[in-house]
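Given next are the chains, with one letter for each unit.
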Amino acid sequence: TLALGSLAEWFDYSMVCKYWSKMLTHTKYLFDSVSLQVLPRMISSFLLVPAFQGVKSIRIHGSYGITDAELRALCSLKCIKSLEYNSYEKLSDAELMSICSLTSLTSLTIRAKDGLTSDGLRAVCALTSLTALDLPGCIWLTDDGLEALSALTSLTSLELNSCYQVTSVGIRELSGLTSLTFLDISYCERITDEGLEALSALTSLTELNLGSCERITSEGLKAMSALTKLTVLDLDSCDQLTDEGVR
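Residues numbered from 1 in each chain as written. Predicted model: local features only at pLDDT ≥ 70, side-chain atom pairs only at ≥ 80, totals over all residues. Heavy atoms only, no water.

### So, the overall build of the protein
Defined as follows: Secondary structure elements are taken from DSSP: a helix is a run of H or I of four residues or more, a strand is a run of E of two residues or more, and numbering for both begins at the N terminus. Here's how the labels work: a residue is buried when its accessible area is under 20% of the maximum for its type, exposed when over 50%, partly exposed in between, all with a 1.4 Å probe on protein chains only. The protein chains shown are the only cover counted for residues, whose accessible areas, like all others here, come from Shrake-Rupley with a 1.4 Å probe.
Summing up its helical and strand segments, the protein has 11 helices and 10 strands in all. Taking all 247 residues of the protein together, the buried fraction comes to 48%. Approximately 11,600 Å² of the protein is accessible, and the part contributed by carbon and sulfur atoms is 50%.

So this is what it looks like as structure tokens:
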């Protein structure tokens, strides 16, 4: 794994020994994981040298204004299995299409301003090899968008926290994802007891986060009794629950 925090740090590495630059340019598949907290315009410089041609995991964090061209350069590495993309900017349609070209992805995290829309989620759901999907803070994501998740039957981990427009109607669309072992729908404040009934079909769940789902009640929680493999159930700030109902 290589972690680089700045342009200066990249050159510092080059000064460690005279063989560093030669190693990068002449040794293929040197790194399988890269974490970048850098200026966006450095991405293609990193990824086009032979040492990075075997990269399977990339984490980009703290980026401002990454260009479509830079993201296309990153996504030219078709061997990538895991991508974590963190940005303070909105994700453009062109950038999303570049990410969706990585058909071998098994793990995808997108944390961008306002998250994905329903159309964006439909595009992501073409990545049918995904086993882990983390899409927090999608404030424009609606129930209609969640219908597309039914295509991702290999998912074992799904994070949709703080998707404020999602209701129990959308949560019903998750009932076919029976391979899920981890689900986070915390801060989805419009989910009601009806949504919990739909989740009772996810009998492989071992961890479920319902924190701050303020509309669920003790009556709805009874449906969780079907989830016999649960080892972690987060009910923080579910204010309508009673001690008796939780027991």
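Now, onward.
### Things to note about the pairing of strand S4 (residues 82-87)
Note the cut-off: Whether two strands pair comes down to DSSP finding at least two bridges between them. Assignment of crossover handedness uses the view with strands pointing away from the viewer, where a clockwise path from the first strand over the helix to the second indicates a right-handed crossover.
As defined by bridge partners, S4 adjoins strand S5 (residues 107-111) across 5 bridges and the pair is classed as parallel. Residue pairing in the sheet places Asn-86 in a bridge with Arg-111 of S5. One crossover worth recording links S4 to the parallel S5 by way of helix H5 (residues 93-99), and it is right-handed.

### A look at the layout of surface pockets
As a reminder of what qualifies: The way it works is a 1 Å grid over only the protein atoms, where trapped points that fit a 1.4 Å probe form a cavity and open points with protein on both sides within 12 Å along at least five of seven lines form a pocket, and then any residue with an atom within 4 Å of a point lines it. Grid points are joined across faces, edges and corners, and a volume is the space filled by probe spheres set on the points. Gly falls in the polar group here, along with every residue not listed as nonpolar (Ala, Val, Leu, Ile, Met, Phe, Trp, Tyr, Cys, Pro) or charged (Asp, Glu, Lys, Arg).
Considering only enclosed or pocket space, the largest pocket measures out at about 230 Å³ in volume. Taken together, 15 residues form the lining of the largest pocket, with Leu-91, Asp-93, Gly-115, Leu-116 and Thr-117 sitting closest to its centre. Every element with two or more residues in the lining of the largest pocket is listed here: H5 and helix H6 (118-124). Across the lining of the largest pocket, the residue classes break down as 6 nonpolar, 4 polar and 5 charged.

### A word on the environment of Leu-108
Relative to the helices and strands, Leu-108 is located in strand S5. Assessed through its relative accessible area of 0%, Leu-108 is described here as buried. In this structure the C-alpha to C-alpha distance between Leu-108 and Glu-84, which are 24 residues apart in sequence, comes to 5.9 Å.

### Focus: the nonpolar core
One broad rule of soluble globular proteins: the nonpolar side chains tend to lie buried together. Threshold: Residues grouped as a nonpolar core are buried Ala, Val, Leu, Ile, Met, Phe, Trp, Tyr and Cys residues, joined through side-chain atoms within 4.5 Å. Here, two residues are considered to be in contact whenever any of their heavy atoms come within 4.5 Å of each other.
Grouped together as the largest cluster of nonpolar side chains are 61 residues, with contacts concentrated most on Leu-108, Ile-110, Leu-133, Leu-149, Leu-158, Leu-183 and Leu-199. Elements with a minimum of two residues in this core: strand S3 (57-63), helix H4 (68-74), S4, H5, S5, H6 and helix H9 (193-199). Here this core gets 3 residues from one element, more than from any other, and that element is H6. Contacts of Leu-158, omitting those with residues within four sequence positions, involve Leu-133, Leu-149, Leu-174, Leu-177, Leu-180, Phe-182, Leu-183 and Asp-184.

### Quick look at the side chain of Asp-143
Note the threshold: Only four residue types enter the tally: Lys and Arg on the positive side, Asp and Glu on the negative side; His and the chain ends are excluded. Salt bridges are identified by distance alone: a Lys or Arg side-chain nitrogen within 4 Å of an Asp or Glu carboxyl oxygen.
Inspection of the secondary structure assignment puts Asp-143 in helix H7 (residues 143-146). Put simply, Asp-143 is tucked away with no salt bridge, and the nearest opposite charge, on Arg-190, sits 6.5 Å away. The residues touching Asp-143, leaving out its near neighbours within four places in the chain, are Gln-165, Val-166, Thr-167, Val-169 and Gly-170.

### Some remarks on a negative patch on the surface
Threshold: What makes a patch is a set of residues exposed beyond 30% relative accessible area and free of salt bridges, joined within 9 Å when like-charged and within 5 Å when nonpolar (Val, Leu, Ile, Met, Phe, Trp, Tyr). Working definition for charges: the position is that of NZ of Lys, CZ of Arg, CG of Asp or CD of Glu.
A contiguous patch of negative charge, built from Glu-189, Glu-214, Asp-236 and Asp-239, is present on the exposed surface. Mapped onto the secondary structure, Glu-214 falls in the loop between strand S9 (207-209) and helix H10 (218-221).

### Regarding the confidence of the model for the protein
Condition: The quantity called pLDDT is the predictor's confidence in a given residue, expressed from 0 to 100.
Of the residues in the protein, 75% reach a pLDDT of 70 or more, and the chain-wide mean stands at 82. Scored below 50 in pLDDT, residues 3-11 makes 22 contacts in the model with residues more than four places away or belonging to other chains.

### Let's talk about the pattern of salt bridges
Within the structure shown, the criterion is met by 7 salt bridges. Residue Glu-84 is joined to Arg-111 by a salt bridge in which the shortest nitrogen-to-oxygen separation is 3.2 Å. Linking Glu-84 in strand S4 with Arg-111 in strand S5, this pair joins segments that are 27 residues apart in sequence. Overall, Arg-111 belongs to the partly exposed group, its relative accessible area being 35%. Glu-194 is the salt-bridge partner of Arg-172, the closest N and O atoms lying 2.2 Å from each other. Of this pair, Arg-172 sits in the loop between helix H8 (168-171) and strand S8 (182-184) while Glu-194 sits in helix H9, and the two are 22 residues apart along the sequence. Judged by its relative accessible area of 37%, Arg-172 falls in the partly exposed class. Look at the salt bridges and you will find they share partners, linking Arg-59, Glu-84, Arg-111 and Asp-134 into a network.

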